[in-house]
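Overview (structure and organization)
Chain by chain, the residues:
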Amino acid sequence: MMTKGKILLFDGVCNFCDGTVQFVLKHDKKAVFKFASLQSDAGQQILSHHSLPLSDFDSFVYVDGDRV
């Protein structure tokens, strides 16, 4: 599964993470980034594809194509 574009995976229950996503959205004038929570189906598929943990989230994951 190759992901297209630049994706930021974030902890969907973390207020700090939500604030960071809002900051990036506000400043991403060219809409370069896409977002998905780590807990979402899409986030879980991307994590699984890259053999990353599917729980115990404590960071953002930046995905650019097939690179993490």
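1. A word on the sheet that holds strand β3 (residues 61-64)
On the basis of which strands lie adjacent, the open sheet formed by three strands has the order β2-β1-β3 and mixed pairing. Unpaired on one side and paired on the other, β2 (33-37) and β3 mark the two borders of the sheet. Averaged over all adjacent pairs, the angle separating strand axes in this sheet is 25°, with direction ignored. Docked against the sheet, helix α1 (residues 15-27) engages β1 (6-10) and β2, running at close to 165° with respect to β2. Relative to β1, helix α2 (residues 41-49) is tilted by about 105°, and along the sheet it contacts β1, β2 and β3.

2. Some points on the environment of Lys6
With respect to the secondary-structure elements, Lys6 resides in strand β1. Counting along the chain gives 60 residues from Lys6 to Asp66, while the straight-line C-alpha distance between them is 9.8 Å. Setting aside residues no more than four positions away along its own chain, Lys6 makes contact with Val32, Phe33, Lys34, Tyr62, Val63 and Asp64. Looking at Lys6, its side chain comes within polar contact range of the side chain of Asp64, at 3.2 Å.

3. So, the environment of Leu9
Structurally, Leu9 is set in strand β1. Separated by 28 residues in sequence, Leu9 and Ser37 have C-alpha atoms that sit 5.3 Å apart.

Calculation notes
- Residues numbered from 1 in each chain as written.
- Predicted model: local features only at pLDDT ≥ 70, side-chain atom pairs only at ≥ 80, totals over all residues.
- Heavy atoms only, no water.
- Pairing = 2+ DSSP bridges.
- Helix = DSSP H or I, 4+ residues; strand = E, 2+ residues; numbered from the N terminus.
- Axes fitted to C-alpha atoms, helices over the stretch in contact; angles between N-to-C directions.
- Contact = heavy atoms within 4.5 Å.
- Polar contact = N/O pair within 3.5 Å; in protein donor to acceptor, adjacent residues only side chain to side chain.

Without other data, these values stay purely geometric and don't point to any function.
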